[in-house]
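Spelled out from the first residue to the last, the chains are:
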Amino acid sequence: MDGQPIYQFIRDSLPGQAQLDEPMKFHTTWRIGGPADVLVEPDSMEGLRLTMDLVQKYNLPLTVIGNGSNILVCDRGIRGVVLKIGDGFSKVTVENNKITAGAGVKLVRLVNAALSKGIGGFEFLAGIPGTVGGAVVMNAGANGAAFCDILEYVFLMDPSGKTIRRSSEELGFDYRMSNLQGASLIVLEAYCLGVSREKKDIQQKIDEMLEKRKNTQPTSSATAGSVFKNPPGTSAGFLIDQAGGKGLRVGDAMVSAVHSNFIVNLGKATAREVLDLIDQVKELVIQRFGTELTLEVKVLGED
Ligand SMILES: Cc1cc2nc3c(=O)[nH]c(=O)nc-3n(C[C@H](O)[C@H](O)[C@H](O)COP(=O)(O)OP(=O)(O)OC[C@H]3O[C@@H](n4cnc5c(N)ncnc54)[C@H](O)[C@@H]3O)c2cc1C
């Protein structure tokens, strides 16, 4: 089987969990992206195992996503199976200062779970609109802290469907980097460790984080957060600002007037417009500072 029939077979094998030709713009915070041949959002481990069996059996390309808050999906979409790890993997358990969270758990829920039990160390995640899986892979962070600081170990699924355990030290963490990026491994569950802290102190820190974001980021616009990584010793936003990039626009994609490292979708931006704007911004910064910015967002699919 190849092409459409296999995707129809996948949809029929996973009732209510798979959609054909699903526009990826509905699954990204940028609200951009062409269709996935089939998007599967398993409602359980059984659904995931069946998906992986079919992917293996028919040798299909596989792309894993979480909440789509750090990805740019190209306009022709994604061939093969897009696996969205969401509500089917959203169990949270708390024991002492240890929190076990499924990969589909939204970070806001993780932050609130820690707060409700008086566990500190998770506050930096407040306002990051991703899932636990995406945060592990991206080593998401803010204000000097990152996911690697709270992660003890993860459970992963390899392409054959086998579950493996990896400690934090084995994940090659660095700034917005882990060795899971580009690897064919699915994050299933994360074991995190915090420290006992007064709830009012945790709440205060969360409030500060959210307030700071509200004042410095276009939080109510369609974006994917920081587009570029910060070069050592400086910030990409500052360089873009100084190079005259603020407000630059290609079609409906615009460098945010609030934060120059954010690109805003003003309504109907295409991935091509975002990519052209990215090229223009990179060129401005090279011309002005000789610094080559590297992408933090992951570009997926066919241009
Ligand atoms: C307004 C806004 C603010 C942001 N602020 C921050 C910030 O302060 N700090 C920060 O670090 N990021 C920030 N981000 C970016 C983004 O939220 C984080 O990178 C987040 O961790 C991505 O999680 P996600 O679930 O959306 O992953 P996605 O964007 O869906 O995926 C990101 C990467 O992880 C992979 N992936 C996702 N889930 C899994 C899984 N279960 N198994 C294997 N691979 C997986 C994908 O293949 C992809 O390569 C911001 C984004 C927005 C829109």
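From a predicted model like this one, the values you see are computed outputs, not experimental measurements.

The rules behind each value
- Residues numbered from 1 in each chain as written.
- Predicted model: local features only at pLDDT ≥ 70, side-chain atom pairs only at ≥ 80, totals over all residues.
- Heavy atoms only, no water.
- Helix = DSSP H or I, 4+ residues; strand = E, 2+ residues; numbered from the N terminus.
- Rg over C-alpha atoms; globule rule 2.2 N^0.38 Å.
- Buried < 20%, exposed > 50% of the residue type's maximum accessible area, 1.4 Å probe, protein only.
- Contact = heavy atoms within 4.5 Å.
- Areas by Shrake-Rupley, 256 points an atom, 1.4 Å probe, with all protein chains shown as cover.
- Lys, Arg positive; Asp, Glu negative; His and termini not counted.
- Charge placed at Lys NZ, Arg CZ, Asp CG, Glu CD.
- Domains from an automatic or database assignment.
- Buried area = accessible area lost by both parts, 1.4 Å probe.
- Salt bridge = Lys/Arg side-chain N within 4 Å of Asp/Glu carboxyl O.
- Polar contact = N/O pair within 3.5 Å; in protein donor to acceptor, adjacent residues only side chain to side chain.
- Near = heavy atom within 4 Å.
- Nonpolar A, V, L, I, M, F, W, Y, C, P; charged D, E, K, R; others polar.

## Overview of the overall build of the chain
Here is step 1 of the chain: Within the chain one finds seven helices and 18 strands.
Here is step 2 of the chain: Relative to the globule expectation of 19 Å for 303 residues, the C-alpha radius of gyration of the chain, 20 Å, shows essentially globular dimensions.
Here is step 3 of the chain: Here the chain, with 303 residues, has 50% of them falling under the buried criterion.
Here is step 4 of the chain: Contacts in the chain between residues at least 24 apart in sequence constitute 65% of all its contacts with a sequence separation of at least 6.
Here is step 5 of the chain: For the chain, the exposed area adds up to about 13,800 Å²; of that, 49% sits on carbon and sulfur atoms.
Here is step 6 of the chain: Seen as two clouds, the 32 positive and the 35 negative side-chain charges of the chain have centres 3 Å apart.

## Observations concerning the domain arrangement of the chain
Here is step 1 of the chain: Taken domain by domain, the chain consists of domain 1 (4-84), domain 2 (89-215) and domain 3 (219-300).
Here is step 2 of the chain: Using only C-alpha atoms to locate each centre, domain 2 and domain 3 end up separated by 26 Å.
Here is step 3 of the chain: Counting from both sides, the interface comprises seven residues of domain 2 and, opposite them, five residues of domain 3.
Here is step 4 of the chain: Taken together, both faces of the contact between domain 2 and domain 3 bury some 580 Å²; the carbon and sulfur share is 53%.
Here is step 5 of the chain: Taken as a group, Met138, Tyr175 and Arg176 account for 64% of the area that domain 2 buries against domain 3, more than any other trio of residues on that side.
Here is step 6 of the chain: The interface formed by domain 2 and domain 3 contains one salt bridge.
Here is step 7 of the chain: With its nearest N and O atoms 3.8 Å apart, the salt bridge here joins Glu296 to Arg176.
Here is step 8 of the chain: For the pair domain 2 and domain 3, the number of links is two residue pairs in polar contact (both at pLDDT 80 or more).

## What about the site of the ligand?
Here is step 1 of the chain: Residues in close proximity to the ligand total 32 residues, the closest being Val64, Gly66, Ser69, Thr131 and Gly141.
Here is step 2 of the chain: In the model, an oxygen atom of the ligand is placed 2.8 Å from a nitrogen or oxygen of the Gly68 main chain.
Here is step 3 of the chain: In this structure, Ser69 approaches the ligand through a side-chain N or O atom, which is 2.6 Å from an oxygen atom.
Here is step 4 of the chain: Protein contacts shield 92% of the accessible area of the ligand, which totals 960 Å² for the unbound molecule.
Here is step 5 of the chain: The set of elements that each furnish at least two residues to the shell around the ligand consists of β3 (62-65), α4 (132-138), β9 (141-142) and β13 (186-193).
Here is step 6 of the chain: With five residues, α4 is the largest single contributor of residues to the shell around the ligand.
Here is step 7 of the chain: Broken down by class, the residue content of the shell around the ligand amounts to 16 nonpolar, 13 polar and three charged.

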